[in-house]
Amino acid sequence: MKVIVLGSGIIGTASAWFLNKAGHDVTVIDRQPGAAQETSFANGCQISVSHAEPWANPAAPMKVLKWLGKEDAPLLYRFRPEWLQWKWALNFLRECTPGRTNENIHQIVALCEYSRQTLVGLRAETGIEYDNLNRGILHFYTDQKEFDDSLPAAKLMRDLGCPRDSISADEVVRIEPALASIRDKIVGGDFTANDESGDVYKFTSGLAQKSAAAGVNFQFNTTVTRLITEGTGASAKITGVEVITPEGRHEVLHADAFVLAMGSFSTALAKPLGIDLMIYPGKGYSATYKVTDTAAAPSVSLTDDGYKLVVSRLGDRLRVAGTCELNGYTRDLNTARCEAITRRTRELFPDACDYDNPTYWTGLRPLTPSNVPYIGKTKFSNLFLNTGHGTLGWTMGCGSGRALADIVSGHQPEVNFRFTGMPYQTSDRIITPQSITA
Ligand SMILES: Cc1cc2nc3c(=O)[nH]c(=O)nc-3n(C[C@H](O)[C@H](O)[C@H](O)COP(=O)(O)OP(=O)(O)OC[C@H]3O[C@@H](n4cnc5c(N)ncnc54)[C@H](O)[C@@H]3O)c2cc1C
């Protein structure tokens, strides 16, 4: 089958790799000059299976209210006259009930674990170098209440089979001695030895190169403008995708199947087809510093709970990422937010890096209210979704690509997940295309 994948972030690229492996003739289209140039470019780089709790949880509404209007708040909601944003916020509140949170955690953990196994296999098969470290993720707390509140979540993760150990402040510093300078502020932590970190851009662009060598056709500098449909009801299908070529010409490309993997921009493409994807962009920041003193810099991937920042060592670089701003599709750098990241990193590791020459970046997390992505079928027989991976697209990416390739090929994926338009094994509940058009 000829398959066109729209988007070459981690999700589109992993989809293309596995579709090619399944024997399909694959073309990937992206408006950027190469793979992984948007949200999959400079994120936090954690493969964070055991910290997969969604932002929508019973404690979230109060926290969001507390942070309203604070320029350097970890999560900042800027109200806009935009229906999608308000509808998204209402759906987010709905996902904060204990029952919904519990269901979402189950979905996310299943997909993340499957994805980590897939990443391990891909790493062995392809030999891609991406500054990965298999030293676990250490989440540390500086607020006693936050630490106490984290204990049930850690137990839930353990019950789901993710080893997440709640540990003392001394153990935190034993695992990551670079935190010694703030030992007196740390109240405890949790350590997930199976988690990993690694450069998402290096991995994705490496996988794109390997895919191209295996026969995948990448058409870069090509902007997707619309999908063209034919038929109604059960016979409705996509006949082509309209693009603007690098030379500025409008062209229609044809294929047997189409995969929508355009992150936050999937919503606008799907909307005219009557598919209302509940994906809103959550702008996040990262700062990358050159490490100048290797012993003073952390080598275990960290999460600083108080500041909602993640820290990953990428060879001779330190990546610090976090914060979320719900404010439309702008990727502008806000100086207050950038400076807040550098201030905190300098406080944590005063002698580790060259803090005078940071590289700042923003990206748009494709957030669904539940943080559960859309993967699967639609009401168009040959249109498939792989989008809305929110805060965990790197963690879920390889498994999402593999599962999607199974679905396009007519097979049931090996992971038990709520795929759209497919039976869900645990409850035998069918997620109908209508449930994603509501
Ligand atoms: C600050 C920050 C930190 C993060 N940290 C982590 C982390 O530690 N671990 C983790 O698992 N996840 C993390 N994430 C989330 C993760 O980065 C995303 O979920 C993931 O990158 C989404 O991948 P994607 O392929 O869906 O989207 P993208 O990477 O954005 O890819 C979409 C592609 O579609 C293309 N495109 C869009 N519109 C068009 C168009 N009209 N025509 C042609 N092409 C188009 C874009 O150019 C882009 O290449 C973080 C995100 C941010 C912002």
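This text gives an overview of the structure that appears in the document.

Rules used throughout
- All residue numbers refer to position in the chain's written sequence, counted from 1.
- Under the rules for a predicted model, residues below a pLDDT of 70 receive no local features and side-chain atom pairs below 80 are neither given nor counted, while totals for whole chains, interfaces and linings still include all residues.
- Only hydrogens and water are set aside; all other atoms, that is, all heavy atoms of the structure, feed into the side-chain values.
- Secondary structure follows DSSP: runs of H or I at least 4 residues long count as helices, runs of E at least 2 residues long count as strands, and numbering of each begins at the N terminus.
- To sort residues, take the accessible area from a 1.4 Å probe on protein chains only and compare it with the maximum for the residue type: under 20% means buried, over 50% means exposed, and anything in between is partly exposed.
- N or O atoms within 3.5 Å of each other form a polar contact, as long as, within protein, one can give a hydrogen and the other can take it, and as long as residues adjacent in sequence are counted only when both atoms are side-chain atoms.
- By the convention used here, strands pair only if DSSP detects at least 2 bridges between them.
- All axes are obtained by fitting lines to C-alpha atoms, using only the stretch in contact for helices, and the reported angles, taken between N-to-C directions, cover 0 to 180 degrees.
- Any two residues having at least one pair of non-hydrogen atoms within 4.5 Å are treated as being in contact.
- Patch criteria: residues need more than 30% relative accessible area and no salt bridge. Like-charged residues are merged within 9 Å; nonpolar side chains of Val, Leu, Ile, Met, Phe, Trp and Tyr are merged within 5 Å.
- All accessible-area figures derive from a Shrake-Rupley calculation using a 1.4 Å probe, and residue coverage is judged against the displayed protein chains alone.
- In what follows, salt bridge is the name for a side-chain nitrogen of Lys or Arg lying within 4 Å of a carboxyl oxygen of Asp or Glu.

1. Some points on the environment of Gly233
Here is step 1: Secondary-structure assignment places Gly233 in the loop between β10 (223-230) and β11 (237-244).
Here is step 2: Look at Gly233 and you get exposed, because its relative accessible area is 55%.
Here is step 3: Sequence-wise, Gly233 and Cys162 are 71 residues apart; in three dimensions their C-alpha atoms are separated by 43 Å.

2. So, the environment of Lys145
Here is step 1: Note that Lys145 resides in helix α5 (residues 144-159).
Here is step 2: By relative accessible area, Lys145 is classed as exposed at 56%.
Here is step 3: Considering only alpha carbons, one finds Lys145 and Arg78, 67 residues apart in sequence, at a separation of 27 Å.
Here is step 4: Separated by 2.7 Å, the side chains of Lys145 and Asp149 make a polar contact.

3. Some points on the sheet that holds strand β2 (residues 25-29)
Here is step 1: On the basis of which strands lie adjacent, the open sheet formed by 6 strands has the order β9-β2-β1-β13-β20-β19 and mixed pairing. Two strands lie at the open edges of the sheet, namely β9 (217-219) and β19 (374-377), each paired on one side alone. Pairwise comparison of adjacent strand axes, ignoring direction, gives a mean angle of 20° for this sheet.
Here is step 2: Its contacts with the sheet place helix α10 (residues 393-408) against β1 (2-6), β13 (257-260), β19 and β20 (383-387), and it is angled at close to 170° to β20.

4. A look at a nonpolar patch on the surface
Here is step 1: A surface patch of nonpolar side chains, amounting to about 730 Å² of accessible area, comprises Met62, Leu65, Leu68, Phe79, Trp83 and Trp86.
Here is step 2: Listed by contribution, the elements that provide at least two residues to the nonpolar patch are α2 (60-67) and α3 (83-94).
Here is step 3: By the secondary structure assignment, Trp83 is in helix α3.

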